[in-house]
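# Structural characterization, general
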Protein chains: 4
Amino acid sequence: MADHAPPAPGWSVSRWFNADGGLSLQALHGRVVFLHAFQMLCPACVQHAVPQSLKVAAAFANTDLAIVGLHTVFEHHHAMSPEALQVYLHENRIRYPVGVDAHRDDDPGAHPLPLTMQAYAMQGTPTLVLVDRAGRLRRQVFGLVDDLRLGAEIATLLAEPAPAGSTPG
Amino acid sequence: MADHAPPAPGWSVSRWFNADGGLSLQALHGRVVFLHAFQMLCPACVQHAVPQSLKVAAAFANTDLAIVGLHTVFEHHHAMSPEALQVYLHENRIRYPVGVDAHRDDDPGAHPLPLTMQAYAMQGTPTLVLVDRAGRLRRQVFGLVDDLRLGAEIATLLAEPAPAGSTPG
Amino acid sequence: MADHAPPAPGWSVSRWFNADGGLSLQALHGRVVFLHAFQMLCPACVQHAVPQSLKVAAAFANTDLAIVGLHTVFEHHHAMSPEALQVYLHENRIRYPVGVDAHRDDDPGAHPLPLTMQAYAMQGTPTLVLVDRAGRLRRQVFGLVDDLRLGAEIATLLAEPAPAGSTPG
Amino acid sequence: MADHAPPAPGWSVSRWFNADGGLSLQALHGRVVFLHAFQMLCPACVQHAVPQSLKVAAAFANTDLAIVGLHTVFEHHHAMSPEALQVYLHENRIRYPVGVDAHRDDDPGAHPLPLTMQAYAMQGTPTLVLVDRAGRLRRQVFGLVDDLRLGAEIATLLAEPAPAGSTPG
């Protein structure tokens with residue numbers, strides 16, 4: 001199955017938090033990436049997906065799993081500005097990198113969906129994405145995922161060998 | 001116990017949502033009032049207190065219980081503006097009245113705590129308040145309350161007779 | 001509604017635990033009674049209904065609510081004997097009275113359902129029963145009940161005046 | 001770490017359910033084994049550990065993980081007889097193999113703890129055990145384990161190569 005997995009699209013981020021100098025999917029090549037796309041005012045995100053991501057961060061703290069949040073705002077932009085997101089991250093003690101999904105020309109009016117959300121064809125928030133050590137998109141789920149299965153899926157990818165030439169973090 | 005309960009302080013609200021023409025504690029005299037003070041970016045509020053308030057609204061829909069939210073912003077004002085609150089209420093399908101706790105001269109710089117929060121000596125968010133049919137403050141809790149006990153406390157107050165001269169809603 | 005509630009049927013119990021000298025519904029007249037019918041090997045009972053009953057016991061400890069368990073075995077009698085029940089009560093730290101629902105002539109072969117279960121026309125386990133201060137059957141639910149609503153229902157009955165001539169416990 | 005893990009002790013079982021002809025740890029060599037020790041009247045077992053084991057069975061149904069229950073009765077033997085266990089397994093729809101931990105000479109009076117429980121030095125129930133493909137004891141926990149971490153631990157062991165000469169089931 002993994003052999004047929006497509007490469008995960010790159011990220012278009014207009015601003016990073018908790019990542020000095022920014023971050024790119026390419027820079028994480030060789031590591032498993034857990035990306036969770038969310039909006040700070042989406043109820044299922046704040047009640048379930050974000051707390052679960054914090055649990056993932058704690059449970060896999062001793063591994064080289066890269067945990068990345070992506071703020072994919074596609075509605076109510078004024079209420080979910082980068083400044084408001086910064087407060088949200090602070091209040092929820094989110095210390096892993098979180099990027100703001102970019103709009104073309106930084107203009108939400110150009111297209112309702114931000115660029116990374118479009119590139120992954122995400123259907124809404126929350127969406128969870130797993131990228132393997134070879135940079136392939138191995139899992140994408142819109143909605144909630146059970147803890148037991150999520151733990152297993154991440155660990156399965158972590159156990160895969162890094163591709164030749166990669167530099168694990 | 002009830003005989004010694006103090007009258008609940010009035011509310012200072014700069015803007016109401018879901019309440020055409022506004023609302024006052026006085027106007028609710030004769031009814032039991034469940035007031036929940038929250039901030040839209042406070043994690044315990046959005047993960048526990050607000051969902052519980054929505055459950056209270058559903059469980060007591062057939063009674064004359066008045067459910068009121070109070071947005072008591074005492075930090076990060078720019079991220080929790082009334083406009084952002086409006087989006088929050090919409091996204092969480094909150095249909096009961098919610099007031100924005102006022103700052104003196106509408107200036108958060110005057111005092112960190114908004115006026116109603118000061119009047120009730122609230123220690124933070126979430127805070128839950130129960131006012132009886134006679135307008136007395138019967139319960140105030142900072143933090144989380146068990147569903148079973150909360151249901152019992154509300155029902156106990158609902159079962160008390162309305163004071164003479166009051167007009168139940 | 002209460003005026004039209006039927007009197008709750010009496011209980012047929014072959015053996016009591018945690019009740020020296022036994023117990024009867026009549027002896028509880030004047031008090032609100034929370035009766036929960038269960039089987040010690042019924043999964044929904046042990047996972048939800050019994051823990052909830054223990055929470056009810058704690059939440060209403062300061063009231064005159066009478067909490068009573070009824071072991072209504074209608075299958076697998078050898079595995080749910082009174083001796084096994086005694087261990088179950090001990091392991092779960094159940095201190096309130098629990099009766100073993102009687103079979104006619106103490107013969108489970110006579111009729112699959114025990115007598116009290118028949119008298120209340122219970123459909124299975126868990127079943128929850130609320131009896132008011134006047135001995136009337138005010139609520140009977142097969143399955144699970146939400147904590148918030150259960151707390152409210154019990155408190156509502158507790159707030160009703162005792163009938164004339166009753167002796168509250 | 002795995003290199004220093006000791007071989008998991010064999011099991012002493014007096015009776016198997018859901019396993020025609022019985023089962024042994026040796027027969028499972030080459031597979032990862034999730035063993036959960038429980039008592040059918042231990043509250044933490046029936047409320048948490050057994051439901052979690054059923055979730056593990058569902059989540060890993062497509063893998064070669066072997067799920068095995070072990071009924072380690074060390075008290076109240078009459079109430080947790082093999083016949084009562086059979087009812088418990090039926091009521092909880094447990095379809096994976098479950099063994100009854102044996103007492104020396106089938107006499108619980110000989111030693112309070114059954115033999116397998118002694119061999120693993122288990123401190124009580126519930127206890128969870130993970131054995132790797134090479135038959136080594138890789139994890140043993142008395143008490144509850146978080147779903148996310150448990151899923152990850154199982155998947156990590158599943159991803160390890162089978163030892164040379166083993167025949168995966």
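As the structure is a prediction and not an experimental result, all values here were calculated from the model.

## Here we look at the interface of chain B and chain A
Contacts between the two partners involve 17 residues from chain B and, on the opposite side, 17 residues from chain A. Between chain B and chain A, roughly 1400 Å² of surface is buried when both sides are summed, and carbon and sulfur atoms account for 65% of that area. In terms of surface lost to chain A, no three residues of chain B exceed Leu41, Val87 and Glu91 of chain B, which account for 35% of the buried area on that side. If you look at where chain B meets chain A, you find two residue pairs in polar contact (both at pLDDT 80 or more). Secondary-structure elements contributing two or more residues to the side of chain B that touches chain A are helix H1 (43-59) and helix H2 (82-91) of chain B. Examining the composition of the side of chain B that touches chain A, we find that six residues originate from one element, H2 of chain B, more than from any other. Residue composition of the side of chain B that touches chain A, by class: nine nonpolar, five polar and three charged.

## Description of helix H4 (residues 147-158) of chain D
The end-to-end C-alpha distance of H4 of chain D, which contains twelve residues, comes to 16 Å, matching closely the 16 Å that a straight helix rising 1.5 Å per residue would cover. Taken residue by residue, H4 of chain D has Asp147, Leu148, Leu150, Gly151, Ala152, Ile154, Ala155, Leu157 and Leu158 of chain D as its buried positions. In the core, the buried residues of H4 of chain D are packed alongside helix H1 (43-59) and helix H4 (147-158) of chain A together with strand S2 (33-38), helix H1 (43-59), strand S5 (127-131) and strand S6 (137-142) of chain D.

## A word on the nonpolar core
With 148 residues, the main nonpolar core has Tyr88 of chain A, Tyr88 of chain B, Tyr88 of chain C together with Tyr88 of chain D as its most contacted residues. The contacts of tyrosine 88 of chain A, once residues within four sequence positions are left out, are Phe38, Met40, Val46, Val50 and Ile94 of chain A together with Leu41 of chain B.

## Topic: the relation of the copies chain B and chain A
Mapping chain B onto chain A calls for a rotation angle of 180 degrees and an axial translation of 0.0 Å; the resulting RMSD is 0.0 Å. This pairing of chains is accounted for by a two-fold axis. Taking C-alpha positions as reference, the residue of chain B nearest the rotation axis is glutamine 47 of chain B, located at 2.5 Å. A symmetric contact is evident, with 100% of the interface residues of chain B recurring at the interface of chain A.

Cut-offs applied
Residues numbered from 1 in each chain as written. Chains lettered and ligands numbered in written order. Predicted model: local features only at pLDDT ≥ 70, side-chain atom pairs only at ≥ 80, totals over all residues. Heavy atoms only, no water. Contact = heavy atoms within 4.5 Å. Buried area = accessible area lost by both parts, 1.4 Å probe. Polar contact = N/O pair within 3.5 Å; in protein donor to acceptor, adjacent residues only side chain to side chain. Helix = DSSP H or I, 4+ residues; strand = E, 2+ residues; numbered from the N terminus. Nonpolar A, V, L, I, M, F, W, Y, C, P; charged D, E, K, R; others polar. Expected span 1.5 Å × (residues − 1). Buried < 20%, exposed > 50% of the residue type's maximum accessible area, 1.4 Å probe, protein only. Core = buried A, V, L, I, M, F, W, Y, C linked by side-chain atoms within 4.5 Å. Least-squares fit on C-alpha atoms with pLDDT ≥ 70 in both.

Just geometry here; none of it tells us what the structure is for.
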